[in-house]
Amino acid sequence: MMVGILTGFGVALFGFVWQTSLGGISRKVVARLQKRYGPKWYQEFLDIFKLLSKRATSHGWIFDLGVIMALGGIIATAAFMPVTNDIFAFADFDNFFIYVYLIAVGMLGMAMSASGSGNPLASIGVMRALTTMLAYEVPFMVIVMVIIKHAGTSSLRGIAMAQQDAGMWYMVALPLGFIVAFICLLGMLGKKPFETYIAPAELASGPMVEYGGKQLGMLFIMHEITVFIEVSLFVHLFLGGAENIFVFLLKYFVVYSVANLVSNVNGRFKIDQVVVFFYKWILPLAMIQAFVALYMNGWWN
Amino acid sequence: MESTKFSPITKLSKEEVDRKWWEIGDFFRRNSLWMLMYCTGCCAIELPPAMTSAYDMERLGMGPMATPRQADVLLVTGYLSLKTLRRVIYTYEQMSEPKYIVGFGSCTINGGIYHDSHVVINQLDQYIPVDTYVAGCMPNTEAVMNGFIDLMSLIKNKKADGWKRYKENYEWYKKNQIDSLGEVQVHDEYHQ
Amino acid sequence: MTNTINNVEFVRNLVEDNYKVNKTEVIDQYQVSFEVEKEEVHRLLAQLRSEGWIQMSYLSAIDWIADNEFELVYIVFNWEKPVYIQVRTRLDRDNPVMESIMPIHPGCKYYEREAHEYFGIEFPGNPDFHKPLILEDWDDMPPLRKDFDPRAYSDAHFSSREYPETHENTLGQESKVAQRESRMARVFKVGKGGKK
């Protein structure tokens, strides 16, 4: 049990360090695309430690408690994530639905503290975040249910090993599902077409408007670990997990870089455009994929 | 030769430990400055060239930030009328410490070409403490980058202590503000 | 071309035939200016509005301190027959009161507030012409009058930076005049250059 908890913390720490370095590298890549030099690769570390060293004002105990709850919830979620086939923390709790529950704790913590700050812009940002979540969760769950039915298990390691044994990833077997899940991944990460909930210049950063100093540093750490959880989920579900750590790092790097490059050439949707886009285009694609995968299994033979 | 096993180990005193923590903090703070671009006057037009391709500001670690609570540096670009100065003082007092101010253009130094106007203040550091100025009307973009690097080296040498001066000499700053502004509370139709 | 001359002629006929005009000035093919008496402004603006001059472009004042008068300028514009019409009146400087034209053009509310704040002209009929619009906590005379000295105000209220009066050469360079002369001497000593 103690070994499991320590391994869990190790996984969370590894995810934080890897994702923060990757954030700096992707900022450099985007800067080179725009014909300028970018920041150093460890710039995100400097940002987070600078934020942790500033004194900020607090708006009461709900404000501080929400941030700590968000950060704690996310570290607990990351502890369950298997990294490769052999590095995992808790063998019995390796289930997809745990992530669905526990990511909500992080969101809830941020919503609680943002509404405790009393700024109306924070409330607008939180409302938009929950609306976006409503939009992208439905197609994503449809696709993941198809995968779980097909693989026969809802454990992430089980799904990854099923892909490795069959020799074909779900990216190739369910191509429409892959496209749907990729776009939902962009929504989950809060990247450019669906960036309405942060909206840096429009809402003055949405829910993060009243934070400064240490609370903002903790929120940044929470955001990095959330990105790690979501991209790892995508790698395990669609790209076949990983046998060893280098393959995992390579797949993670490719997925995150493609997501970053796609998001940097797009503008930002309005919130009603986000919901209409997901329900008009993405959900029918997910339904078609589900229908083809479940009922027409092997009709071409 | 004395072996180190028996010679007394020097323990750092409390001031030295504090100073070392503060130095580490200064390293992080000077390499990742987030700016709140309070673009009060015409000098604000010198900021986009400093942010985009040719004179890239992001490689120094600086970037724009949306609210005063999240920013470290308040860039006061251009002339300040009385109305704007009241709101700048509000904004400055909302920022989290440690915080720095950079004054852009000649209008913050001595009034610039608006020195004989009845609504433009002449000297910015009577009202809020300024760490460094960038002179010019407008300053050249290389001068802007030079100003930022000067700010970073001031932080390194621990001379950028405007926020401490504001706290220590608060009555003097307040007296100056009330002398020139009348009162610092913002009374307009939208705040009643 | 004939269309716009017709416009200006149309305007001149419309105004000069029905109102007592002190001075007319045709500035170019799109701008005409009439100076009328204070009592006729409302009737003139209402008639112009019914003829199509529906947009109030500007309202401001000029301070003729030598004549001891304010001159109010109303500029209206028509989108069908494009001519800017300037309607000018003279007000007494010691008691500047002008009935507000809010029933005709409701958008002049903020212009009249600005004119009151900067010149001191009063507009009864405008419900809140005395509220400050641009200047906050202003306690002196209205600033755009010609007998207000902004420099004296600035020197009295805002401290200015003092510089030392010494002119020392701290970097050890020559003066600019000496540098320029040595440069010219170098140029002429070398000559026209090149081989003969």
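The structure this text deals with has already been given above.
This section reports on the structure supplied with the text. (Residues numbered from 1 in each chain as written. Chains lettered and ligands numbered in written order. Predicted model: local features only at pLDDT ≥ 70, side-chain atom pairs only at ≥ 80, totals over all residues. Heavy atoms only, no water.)

Looking at the interface of chain B and chain A
- Between chain B and chain A, the contact holds 24 residues from the first and 31 residues from the second.
- Roughly 2,300 Å² of surface becomes buried between chain B and chain A when both sides are summed, with 49% attributable to carbon and sulfur atoms.
- If you sort the residues of chain B by the area they bury against chain A, B:F28, B:E58 and B:R69 come out on top, with a joint share of 26%.
- One can count 5 salt bridges joining chain B with chain A.
- The salt bridge partner of B:E58 is A:R36, with a shortest N-O separation of 2.7 Å. (Contact = heavy atoms within 4.5 Å. Buried area = accessible area lost by both parts, 1.4 Å probe. Salt bridge = Lys/Arg side-chain N within 4 Å of Asp/Glu carboxyl O.)

Quick notes on the side chain of B:T91
Residues and elements named next belong to chain B.
- By the secondary structure assignment, T91 is in helix α3 (residues 82–94).
- For T91, a relative accessible area of 11% corresponds to the buried category.
- When residues no more than four places from it in sequence are discounted, the contact partners of T91 are L36, Y38, P68 and L74. (Helix = DSSP H or I, 4+ residues; strand = E, 2+ residues; numbered from the N terminus. Buried < 20%, exposed > 50% of the residue type's maximum accessible area, 1.4 Å probe, protein only.)

Considering the interface of chain B and chain C
- The interface of chain B with chain C comprises 25 residues on the first partner and 20 residues on the second.
- For the chain B and chain C pair, buried surface summed over both sides reaches about 1,800 Å², with 44% attributable to carbon and sulfur atoms.
- Here chain B and chain C share 1 salt bridge between them.
- For C:R161, the salt bridge identified is with B:D125, shortest N-O distance 3.6 Å.
- Put simply, the parts of the chain that give the side of chain B that touches chain C at least two residues each are α3, α4 (106–110) and α7 (170–181) of chain B.
- Considering each element in turn, the side of chain B that touches chain C owes the most residues, 4 residues, to α3(B).

As for the sheet that holds strand β2 (residues 31–36) of chain C
Residue and element names in this part refer to chain C.
- Spatial ordering of the open sheet is given by β1-β2-β5-β4-β3, a layout of 5 strands whose pairing is mixed. Strands with a single pairing partner mark the edges of an open sheet, and in this sheet they are β1 (21–28) and β3 (55–64). Neighbour-to-neighbour, the strand axes of this sheet turn through a mean angle of 20°, independent of strand direction.
- One ladder, built from 6 bridges, connects β1 with β2; its direction is antiparallel. Directly across from V26, in β2, lies its bridge partner V32.
- Contacts from helix α2 (residues 41–51) reach β2, β4 (69–77) and β5 (84–92) within the one sheet, and its direction differs from that of β5 by about 165°.
- Seen against the sheet, helix α3 (residues 109–119) touches β3 and β4 and runs at an angle of roughly 10° to β3. (Pairing = 2+ DSSP bridges. Axes fitted to C-alpha atoms, helices over the stretch in contact; angles between N-to-C directions.)

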